[in-house]
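Secondary and tertiary structure notes
Here is how the chains run, residue by residue.
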Amino acid sequence: MDRRNFLRAIALTGAAATIKASGNISILSEKLVSSESAAAVDMVAVMGGEPEVMFRRAMTELGGMGKFIKRGWSVVVKPNIGWDKTPEQSGNTNPKLVSEVIRQCLAAGAKEVIVFDHTCDDWLKCYKNSGIEAAAKAAGAKVLPAHEESYYKSVSLPNGVKLKSAKIHEAILNCDAWINLPVLKHHGGANLTMSMKNYMGIVWDRRIFHSTDLQQCIADICTYPKKPVLNIVDAYRIVKTNGPQGRSTSDVVNPKGLFISQDIVAVDTAAAKFFNQVRDMPLDHVKHLSHGQTMKLGTMDIDKLNIKRIKI
């Protein structure tokens, strides 16, 4: 990629980065990562720090967790815990980030924070080996199972195109607010896992997604009326190939990024553009983004948003 195209791409994602021979991403221009405006911030993109440090800085820019979580609320924090992988293998959300999100919810006055995921591998191994169960409990959260159908209740999705109903975990149905906390990574079916794809961890009958139209069903499930109050995309480590779980740490790069927005399509668009600096992945290959925009779930036109870009 020549310098002109490179800088154009980075200006869109808020991450001035390029791939070195080592496979890492490094900041090239601080001018591109500071965006000051008196207008409300639509998205925060942070790069270069540890997961908890980036999140603290991002939430400061967004006005603090108390803007999104109110005292006395029951809150669900929904990370990706789908795979029996260690944090270094990056098949799941970084436990340091999960821990910090929980702490900030409780500090904002949440009466309880619940963490769960409908895993693909054995749930006990996923919860333990991801480091998320221990991190969540240490931060003060309750960790719930999601491996039995009895935990799920059927809901109608009248605005879905292919998916008209789904069984959703009762923790989501009963909470006052939930936070969507995926990890950015390659996915063999959906091409990328981000916030919209992370909804599949709140449903029981996800085989329907794969047997019907995966990209459209991902957009359809996002029409469920109880939206996340925040979508936080963990891009600290990224599985760049052989996703969604990766085969070894050689499939992982460490760009140290984080994207946060209430607009699920916008935050995933930014994260997808960021991923494109690691591995070529055109946006039209991630069709649930355009489906989501068509269904008015959010916008892919992130040029028109006020994005706060930060380099740590």
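Here the residue index of a chain counts from 1 through its sequence in written order. It should be noted that, the model being predicted, local features are given only for residues of pLDDT at least 70 and side-chain atom pairs only at 80 or more, the latter also being counted only at that level, while totals for whole chains, interfaces and linings use all residues. Hydrogen atoms and water are omitted, and side-chain values are computed over all heavy atoms in the structure.

Attention now moves to helix α9 (residues 214-221). Relative accessibility decides the category of a residue: with a 1.4 Å probe and only protein chains considered, values under 20% of the type maximum give buried, values over 50% give exposed, and everything between is partly exposed. Only DSSP runs of H or I reaching four residues or more are called helices, and only runs of E reaching two or more are called strands; each is numbered from the N terminus. With respect to burial, α9 is a largely interior element, eight of its eight residues being buried. Every buried residue of α9 is accounted for by L214, Q215, Q216, C217, I218, A219, D220 and I221.

Most peptide bonds are trans, and most residues other than glycine sit at a negative phi. Here the amide bond leading from G243 into P244 is cis, since omega sits at 20 degrees, within 30 degrees of zero. Along the chain, P244 turns up in the loop between β12 (230-239) and β13 (252-253). Phi is positive for N191, which is not a glycine, with a value near 75 degrees.

Once that is clear, we can look at the pattern of salt bridges. One speaks of a salt bridge when a side-chain nitrogen belonging to Lys or Arg is within 4 Å of a carboxyl oxygen belonging to Asp or Glu. For the structure on display, the rule yields 10 salt bridges. Of the charged contacts in the structure, one is a salt bridge between E100 and R56, with a shortest N-O distance of 3.2 Å. Taken together, the positions of E100 in helix α3 (residues 95-107) and R56 in helix α2 (residues 51-62) put the pair 44 residues apart, joining distant regions of the chain. Judged by relative accessible area, which is 8%, E100 ranks as buried. For R56, a relative accessible area of 40% puts it in the partly exposed group. One salt bridge in this structure joins D213 and K162, with 3.3 Å as the shortest N-O distance. Placement of D213 in the loop between α8 (207-212) and α9 and of K162 in the loop between β7 (152-156) and β8 (165-169) is noted, with a sequence separation of 51 residues between them. Residue classification places K162 among the partly exposed positions, given a relative accessible area of 45%.

Now for the packing of aromatic side chains. Given two aromatic rings, one states the distance between the centres and the angle between the planes to describe the pair. Note on aromatic pairs: the rings of Phe, Tyr and Trp (six-membered ring only in Trp) are paired at centre separations within 6.5 Å, and the planes decide the class, stacked below 30 degrees, edge-to-face beyond 60, tilted for the rest. Tallied over the full model, the rule gives four aromatic pairs. Centroid distance W178 to Y199: 5.1 Å. Interplanar angle 75 degrees. Geometry classified as edge-to-face. Here W178, found in strand β9 (residues 177-181), pairs with Y199, found in the loop between α7 (195-198) and α8; they are 21 residues apart in sequence, far enough to count as distant. There is no split in this pair, since W178 and Y199 are both buried. With 5.2 Å between their ring centres and 65 degrees between their planes, F259 and F274 make a pair best called edge-to-face. With F259 in strand β14 (residues 257-261) and F274 in helix α10 (residues 264-275), this pair connects stretches of sequence that are 15 residues apart. For the pair F259 and F274, a shared accessibility class is recorded, and that class is buried.

Turning to the side chain of Q104, a few remarks are in order. Within the secondary structure, Q104 sits in helix α3. Residue contacts are defined here by distance: any two heavy atoms, one from each residue, within 4.5 Å place the two residues in contact. In this view, Q104 contacts F55, R56, M59 and M65; residues no more than four positions away in its chain are not counted.

Quick look at the packing of α3 against helix α5 (residues 132-139) now. Running from N to C, α3 and α5 point in directions that differ by 20 degrees, and their axes come no closer than 9 Å. Considering their axes alone, α3 and α5 lie roughly parallel with respect to each other. At the point where α3 passes α5, the crossing takes the right-handed sense. Here α3 contributes P95, V98, S99, I102, R103 and L106 to the contact with α5, which in turn contributes I132, A135, A136 and A139. Residues of the contact of α3 with α5, tallied by class, amount to eight nonpolar, one polar and one charged. To get an axis, fit a line to the C-alpha atoms, keeping to the stretch in contact for a helix; angles then go from 0 to 180 degrees between the N-to-C directions. Comment on the angle field: the value is read as roughly parallel under 35 degrees, roughly antiparallel over 145, roughly perpendicular from 65 to 115, and oblique elsewhere. Crossings are assigned a handedness: left-handed for a near helix turned anticlockwise from the far helix by less than a right angle, right-handed for a clockwise turn. Residue classes follow a fixed rule: Ala, Val, Leu, Ile, Met, Phe, Trp, Tyr, Cys and Pro count as nonpolar, while Asp, Glu, Lys and Arg count as charged, and any other residue, Gly among them, counts as polar.

Our next topic: the nonpolar core. Note that soluble globular proteins tend to have their nonpolar side chains buried in a common cluster. By convention a nonpolar core is built from buried Ala, Val, Leu, Ile, Met, Phe, Trp, Tyr and Cys residues, the set being connected through side-chain atoms within 4.5 Å. Ranked by internal contacts, the top residues of the largest apolar core, which has 96 residues, are M65, I69, V101, C105, L184, I221 and I232. In terms of residues, this core owes the most to one element, α10, which gives nine residues. Discounting residues that sit within four places of it in the chain, M65 has contacts with F55, M59, V101, Q104, C105, A108, I179 and L230.

A word on the packing of α2 against α3. Packing of α2 against α3 brings their axes to within 8 Å, and their N-to-C directions diverge by 40 degrees. As the angle between them shows, α2 and α3 are arranged oblique. The interaxial crossing formed by α2 with α3 has right-handed handedness. Between α2 and α3, the contacting residues are P51, E52, F55, R56 and M59 on the first element and K96, L97, E100, V101 and Q104 on the second.

Note on disulfides: each one is a pair of cysteine sulfur atoms within 2.5 Å. What the rule picks out here adds up to zero disulfides. Left without a disulfide partner, C120 is nearest to the cysteine sulfur of C126, which lies 7.5 Å away. Of the residues examined, C120 reaches a relative accessible area of 46% and is grouped as partly exposed.

For β9, a buried count of five out of five residues is recorded, marking the element as mostly surrounded by other parts of the structure. Judged by which residues are buried, β9 turns out to be covered on both faces: A177, I179 and L181 on one side and W178 and N180 on the other are all buried. Following DSSP output, two strands are said to pair if at least two bridges run between them. Pairing between strand β4 (residues 74-79) and β9: five bridges, direction parallel. Paired with K78 across the bridge in β9 is N180.

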